[in-house]
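A closer look at the structure
Chain by chain, the residues:
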Amino acid sequence: GACCSYRLRNALHPLWQSPLSIPGGSRQSPINIQWRDSIYDPFLKPLKICYDPTTCLHIWNNGYSFLVEFDDSTDKSIIVGGPLENQYRLKQFHFHWGAINEWGSEHTVDSKFYPAELHLVHWNAVVYPTFEEAVMEGNGLAVIGVFLKLGAHHEGLQTLVDALPAVKHKDTVIEFDVFDPSCLIPSCPDYWTYAGSLTTPPLTESVTWIIKKKPIEVDENQLEAFRMLLFTSDGEEEKRMVDNFRPLQPLMNRTVRSSFQ
Ligand SMILES: NS(=O)(=O)c1ccc2oc(NC(=O)c3ccccc3)nc2c1
Ligand SMILES: [Zn+2]
């Protein structure tokens, strides 16, 4: 059935030479969000986002994507509300994108891909002492997903794009001391939410996904800048960093809730 073909696809997908046996596999991510199957939940609260731009630390190319990491030793940059029982601390954000504009996002909406997707990764520091422990727990992480669509130039993203040549190769890092990632989040409050997993190893089923309904607009040059990054380290044969998204996973017996009617 569909499930075993997913299993096979996961095992064969080039980027994720994950062992044939993926973890449990009852709440894997990403998924297709079928708009008409999502259930409006009037008890979902608005998501409250409070980031302190001075908690920004550095940008680095980890060989999967480029990450902007934050100082998560205090509650200075947090999210609260939405589907969440506790407040969650911002750890890092990163993107997934395609070689061309026809695909690139991890989640799809009514089977439509966006050219890229932003993930803002947070962890439950109220209940767990470290990020590493939170990664192993069902309510450990909360990731906000924001779709990127081709359109107008995005001013806030440009400061990131300007820094990318300095992290072209895997395992390069540069200091990035002030950045407010809320400029990358649409002002429209509408979102979908479901219980899922990390989409790269360790693929642990510890993520409450909060997927914003509205995309942000970025221009062609900004998407092309992502595609100039490399999976490979300096001195290795160059492999462009593109198509760093995981294949869609089976919904199994999950429902996707919406914060809007
Ligand atoms: N595509 S994803 O599902 O958002 C996703 C997938 C896999 C991830 O591994 C980590 N680890 C750290 O951030 C980390 C940062 C610093 C120290 C330890 C871990 N974040 C992830 C997000
Ligand atoms: Zn991601």
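So, a few notes on the structure that sits alongside this text. (Residues numbered from 1 in each chain as written. Chains lettered and ligands numbered in written order. Predicted model: local features only at pLDDT ≥ 70, side-chain atom pairs only at ≥ 80, totals over all residues. Heavy atoms only, no water.)

1. Some details on the pattern of salt bridges
A full pass over the atoms with the stated rule returns six salt bridges. A salt bridge links Asp 41 to Arg 257; its shortest N-O distance comes to 2.8 Å. Of this pair, Asp 41 sits in the loop between strand E2 (39–40) and strand E3 (47–50) while Arg 257 sits in strand E15 (residues 257–258), and the two are 216 residues apart along the sequence. Linking Arg 227 and Glu 224 is a salt bridge whose minimum nitrogen-to-oxygen distance equals 2.7 Å. Here Arg 227 pairs with Glu 224, and both are found in helix H4 (residues 220–227), just three residues apart, close to one helical turn. In this structure Arg 227 comes out as buried when scored by relative accessible area, which is 3%. (Salt bridge = Lys/Arg side-chain N within 4 Å of Asp/Glu carboxyl O. Helix = DSSP H or I, 4+ residues; strand = E, 2+ residues; numbered from the N terminus. Buried < 20%, exposed > 50% of the residue type's maximum accessible area, 1.4 Å probe, protein only.)

2. Let's talk about the packing of aromatic side chains
This structure, assessed with the given rule, holds 14 aromatic pairs. Centroid distance Phe 66 to Phe 226: 5.3 Å. Interplanar angle 70 degrees. Geometry classified as edge-to-face. A residue pair is termed long-range when its members are at least 10 positions apart, and Phe 66 in strand E5 (residues 66–70) and Phe 226 in helix H4 qualify at 160 residues. Across the pair, exposure class does not vary: Phe 66 and Phe 226 are buried alike. (Phe/Tyr/Trp six-rings, centres within 6.5 Å; stacked < 30°, edge-to-face > 60°.)

All quantities given are derived from atomic positions and should not be read as evidence of function.
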